[in-house]
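This is what each chain is made of:
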Amino acid sequence: MKPIVPPVEFVSPLSEVEVRMTLKELCGSKWDNCPFDGEVDKNSFRLIKNQRPFVYTRGIPKPMLIGDFVGQGERTKVTISLDTRITDIIGLLILVLGAIGLAGYGFVSMLDEGFIVAIVSAVMICGLGVGFSALDYFLIWSSFHKSVNKIKKALGISS
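From a predicted model like this one, the values you see are computed outputs, not experimental measurements.

Parameters at a glance
Residues numbered from 1 in each chain as written. Predicted model: local features only at pLDDT ≥ 70, side-chain atom pairs only at ≥ 80, totals over all residues. Heavy atoms only, no water. Pairing = 2+ DSSP bridges. Helix = DSSP H or I, 4+ residues; strand = E, 2+ residues; numbered from the N terminus. Axes fitted to C-alpha atoms, helices over the stretch in contact; angles between N-to-C directions. Contact = heavy atoms within 4.5 Å.

A. Spotlight on the pairing of strand β5 (residues 75-83). Strand direction decides the pairing type here: strand β1 (residues 8-12) and β5, joined by five bridges, are antiparallel. The residue of β5 that forms the bridge with Val 8 is Ile 80. Where strand β4 (residues 64-72) meets β5, nine bridges bridge the pair, whose relative direction is antiparallel. Residue pairing in the sheet places Asp 68 in a bridge with Thr 79 of β5. In textbook terms, the turn of a hairpin is the stretch between consecutive antiparallel strands, and for β4 and β5 this stretch comprises two residues, one of which, Gly 73, has a positive phi near 75°.

Below, the structure written as structure tokens:
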């Protein structure tokens, strides 16, 4: 399956051991006010954003980041990609199919009032479904890039 967000690659000025230790520091408990929860192995990691207390985040996707790092002398190449959960994809599909179903229902029910009204209603409902899908994709993309920027900053990369 093709990823919905392309992976991000960068080279950190830190050594492989320093990158591993920095990533482990980012993965503290939520009581320590760490930005991520997850696990760091020898050359790979899985991170998910911690939910800050007293912040309403229901419905906003928290991306799971998977990545690996390889030492290149005194530098380290880091690759981070988005681990897309099947529930996210199923949710988007249900949203789009529901909009199409509502459009079909609206089309059939509006035929009594006029063909043009039925077509306009169907197009508006389909557009609403596509709009919500685009909004969900934007939220996933934005959250992924904010998380990657936090990791980059911690690993000594500016901007």
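Okay, back to it.
B. Expanded view of the pairing of strand β2 (residues 36-40). Across five bridges, the pairing between β2 and strand β3 (residues 44-49) is antiparallel. Its bridge partner being in β3, Glu 39 is matched across the sheet by Arg 46. In this structure, the hairpin formed by β2 and β3 is closed by a connection of three residues.

C. Representation of the sheet that holds β4 within the structure. Here we have five strands laid out as an open sheet, ordered β1-β5-β4-β3-β2, and antiparallel in their pairing. Here the strands that pair on one side only, and so sit at the sheet edges, are β1 and β2. Strand-to-strand, the axes of this sheet are offset by a mean angle of 20°, without reference to chain direction. Against the sheet, helix α1 (residues 16-26) makes contact with β1, β2, β3, β4 and β5, and its axis sits at roughly 160° relative to β4, the strand it touches most.

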